[in-house]
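# Residue-level structural notes
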Amino acid sequence: MKISLSRTSRASRRNKLLIKIVLIVLVIFALSFFQKPLKTFFYSVSAPLQKPLWKIGESSSEFFHKIIGTKDTEGRIDDLSLKNKELLAKIAFLNEVKEQNKFLRESLNVNTDKEFKLTLAEIIGKDISQDFIIINKGSQDNIAEKMPVITKEKILLGRISKVYDNFSKVMLISNEKSSLDAKIQEKDAFGLIEGKGNSKIWLDLVPHDKDISQGDLIVTSSLGGIFPSGLLIGEITEIRKDDTEPFQQAEIKSKFNLKEINFLFVITEQ
Amino acid sequence: MKKITISIIILYCLALLETSFFVHFNILTHYNFYFLNSIFILIVLWNLFEKRENFSGILVAFTGGFFLDVFSSQLIGFNISIAIIIALFIKLVFKKYVQIPSIKRA
């Protein structure tokens with residue numbers, strides 16, 4: 001008698017658990033229909049808390065970074081001052097080219113200056129999978145999917161992947177799903193920029209006959225149709241040349257650091 | 001009920017911290033340990049130290065997964081499913097073979 005009772009209680013407990021699991025599955029299924037309103041609601045409620053948290057996190061990580069990085073500071077200062085001198089010389093040369101360019105454009109009566117229509121946005125969060133960021137501008141600010149996102153220095157960050165009423169998700173160029181056409185500056189070579197996740201970017205499909213080297217700058221090309229040409233992507237840090245492969249590859253170091261960016265711009269019109 | 005309400009508030013705060021504060025200290029995510037975040041740690045600990053018959057661990061897993069989904073680019077349901085599978089595994093399989101003391105009120 002006792003055995004049969006314990007068996008029935010065990011079976012009823014199992015049934016209860018099964019019912020609960022089925023209920024949870026149904027709730028998950030129902031929730032998937034309300035993705036957009038749910039996310040919009042939580043983002044709107046959380047935005048006032050996320051902004052200060054982002055800033056506190058930024059300043060505290062900088063503080064720890066400074067403590068850890070004091071050893072390397074001297075070496076880095078030397079490297080940077082050397083690079084600074086090189087860049088100053090380059091700026092002087094480019095200023096002269098700019099003047100000549102301006103003079104030629106005026107004399108030929110051609111206007112080739114590209115001006116974008118930009119919308120200022122602020123980062124309020126980062127996805128835990130790292131290669132997405134959340135900005136505080138959405139469809140109410142005329143933001144649409146696939147719009148390019150840049151820094152104030154015209155460095156490419158990524159593109160809008162999802163738009164909500166007051167918020168948008170930006171897929172960074174380092175995201176595994178991101179790929180875009182790029183040009184190697186001053187080399188007349190093109191390639192494909194592919195995100196590898198964890199802030200890693202690779203340049204692929206560069207023909208073997210094109211001579212690329214470390215330190216070459218990579219900019220966007222207008223081939224893909226999404227990004228305007230001439231936006232800085234990064235710098236080549238490592239080249240992989242294998243004769244068995246049809247193309248050469250290179251690792252790219254992106255020129256932006258999310259920790260240093262407070263504001264960014266969405267190109268709403270090209 | 002009170003315990004569950006408090007846990008929901010804590011999970012919401014943790015989700016906010018994960019997406020806005022802890023992302024600046026990206027040591028774990030750098031090595032692809034995406035699931036080693038404070039919410040999953042809380043879910044595991046909760047289910048480990050709770051009695052097998054109690055259901056609140058599953059609810060905590062559901063809420064934690066929901067907040068992770070809301071603040072991530074995943075579809076709602078992705079992290080919920082992972083969290084519930086972890087909770088069920090601990091309750092139904094792990095605790096069957098490993099004895100862990102449950103926290104009881106005196």
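This is a predicted model, so every value here is computed, not measured.

### A few points about the interface of chain B and chain A
It is common to give the size of an interface as the accessible area lost on bringing the parts into contact. Of the residues lining the interface, 36 residues belong to chain B; the matching set on chain A comes to 37 residues. In total, about 3200 Å² of surface goes out of reach between chain B and chain A, with carbon and sulfur atoms giving 69% of it. If you look at where chain B meets chain A, you find nine residue pairs in polar contact (both at pLDDT 80 or more). When contributions to the side of chain B that touches chain A are tallied by element, the ones reaching two or more residues are α1 (2-20), α2 (27-30), α4 (56-70) and α5 (78-97) of chain B. Counting residues per element, the side of chain B that touches chain A draws most heavily on α4 of chain B, at seven residues.

### Brief notes about the pattern of salt bridges
Residues and elements named next belong to chain A. Enumeration over the complete set of coordinates arrives at six salt bridges over all chains. The closest approach of N and O atoms between Lys117 and Glu269, which form a salt bridge, is 3.9 Å. Of the two residues, Lys117 sits in strand β1 (residues 117-126) while Glu269 sits in strand β12 (residues 263-269), which places them 152 residues apart along the sequence. The residue Arg240 makes a salt bridge to Glu238 at a minimum N-O spacing of 4.0 Å. Judged by relative accessible area, which is 35%, Glu238 ranks as partly exposed.

### Structural notes on the sheet that holds strand β6 (residues 179-184) of chain A
Residues and elements named next belong to chain A. Spatial ordering of the closed barrel is given by β6-β7-β8-β11-β10-β9, a layout of six strands whose pairing is antiparallel. Ignoring strand direction, the axes of neighbouring strands in this sheet form an average angle of 45°. For strand β7 (residues 189-197) and strand β8 (residues 200-207), the ladder comprises five bridges, and the chain directions are antiparallel. Pairing of Gly197 across the sheet is with Lys200, part of β8.

### A short note on the pairing of strand β2 (residues 132-135) of chain A
Residue and element names in this part refer to chain A. Judged by which residues are buried, β2 turns out to be covered on both faces: Phe132 and Ile134 on one side and Ile133 and Ile135 on the other are all buried. Pairing of β1 with β2, which is carried by three bridges, proceeds in the antiparallel orientation. Looking at the pairing, Lys126 lines up with Ile133 of β2. Where β2 and strand β5 (residues 168-172) come together, four bridges link them in antiparallel fashion. Paired with Ile135 across the bridge in β5 is Ser168.

### Examining α5 of chain B
Residues and elements named next belong to chain B. Taking 1.5 Å as the rise per residue, α5 with 20 residues should run 28 Å; its terminal C-alpha atoms sit 28 Å apart, in good agreement. Along α5, the sharpest kink reaches roughly 40°, centred on Ile90. Asn79, Ile80, Ala83, Ile84, Ala87, Leu88, Ile90, Lys91 and Lys95 are the residues of α5 that are buried.

### So, the pairing of strand β10 (residues 232-240) of chain A
Along any regular strand the residues' side chains alternate between the sheet's two faces. Residues and elements named next belong to chain A. One ladder, built from three bridges, connects strand β9 (residues 217-220) with β10; its direction is antiparallel. In the sheet register, Leu217 faces β10, and the bridge partner there is Glu235. Where β10 and strand β11 (residues 247-254) come together, six bridges link them in antiparallel fashion. Bridge pairing links Ile236 to Ile252 in β11. Turn length for the β10-β11 hairpin, with the two strands adjacent in sequence and antiparallel, is six residues.

### Observations concerning a positive patch on the surface
Among the surface-exposed residues, Arg13 and Arg14 of chain A together with Arg52 and Lys96 of chain B lie close enough to one another that they form a single positively charged patch. Since its relative accessible area comes to 39%, Arg52 of chain B is described here as partly exposed.

### Some words on the confidence of the model for chain A
On average, chain A scores 82 in pLDDT, and the residues at 70 or more come to 93%. When mean pLDDT is compared element by element in chain A, strand β3 (residues 148-150) of chain A scores highest at 92, while helix α1 (residues 2-31) of chain A scores lowest at 74.

### Overview of the layout of surface pockets
Residue and element names in this part refer to chain A. A volume near 1400 Å³ is recorded for the second largest pocket. Along the walls of the second largest pocket sit 30 residues, with Leu94, Gln185, Leu217, Val219 and Leu232 positioned nearest its centre. Looking at the lining of the second largest pocket, the elements that each hand over two or more residues are α2 (35-108), β9 and β10. Partitioned by chemical class, the residues of the lining of the second largest pocket number ten nonpolar, eight polar and twelve charged.

### Things to note about the nonpolar core
Ile160, Ile193, Leu203, Ile218 and Leu264 of chain A are the most contacted members of the largest nonpolar core, which totals 42 residues. Among residues more than four places away in sequence, those in contact with Leu264 of chain A are Thr119, Leu120, Ala121, Ile123, Ile133, Ile135, Val149, Ile150 and Leu157 of chain A. With 36 residues, the next largest nonpolar core counts Ile28 and Tyr43 of chain A together with Phe71 and Ala83 of chain B among its residues.

### Observations concerning the side chain of Asn37 of chain B
Here Asn37 of chain B is to be found in the loop between α2 and α3 (38-48). One polar contact links the side chain of Asn37 of chain B to the main-chain amide nitrogen of Ile39 of chain B, over a distance of 3.1 Å.

Parameters at a glance
- Residues numbered from 1 in each chain as written.
- Chains lettered and ligands numbered in written order.
- Predicted model: local features only at pLDDT ≥ 70, side-chain atom pairs only at ≥ 80, totals over all residues.
- Heavy atoms only, no water.
- Contact = heavy atoms within 4.5 Å.
- Buried area = accessible area lost by both parts, 1.4 Å probe.
- Polar contact = N/O pair within 3.5 Å; in protein donor to acceptor, adjacent residues only side chain to side chain.
- Helix = DSSP H or I, 4+ residues; strand = E, 2+ residues; numbered from the N terminus.
- Salt bridge = Lys/Arg side-chain N within 4 Å of Asp/Glu carboxyl O.
- Buried < 20%, exposed > 50% of the residue type's maximum accessible area, 1.4 Å probe, protein only.
- Pairing = 2+ DSSP bridges.
- Axes fitted to C-alpha atoms, helices over the stretch in contact; angles between N-to-C directions.
- Expected span 1.5 Å × (residues − 1).
- Bend = angle between axes of the 7 residues up to and from the residue.
- Patch = residues over 30% accessible without salt bridge, like charges linked within 9 Å, V, L, I, M, F, W, Y side chains within 5 Å.
- Areas by Shrake-Rupley, 256 points an atom, 1.4 Å probe, with all protein chains shown as cover.
- Lys, Arg positive; Asp, Glu negative; His and termini not counted.
- Charge placed at Lys NZ, Arg CZ, Asp CG, Glu CD.
- pLDDT = per-residue confidence, 0-100.
- 1 Å grid on protein atoms, 1.4 Å probe; cavity = no way out; pocket = protein on both sides within 12 Å on 5 of 7 lines; lining within 4 Å.
- Points joined across faces, edges and corners; volume = space filled by probe spheres on them.
- Nonpolar A, V, L, I, M, F, W, Y, C, P; charged D, E, K, R; others polar.
- Core = buried A, V, L, I, M, F, W, Y, C linked by side-chain atoms within 4.5 Å.

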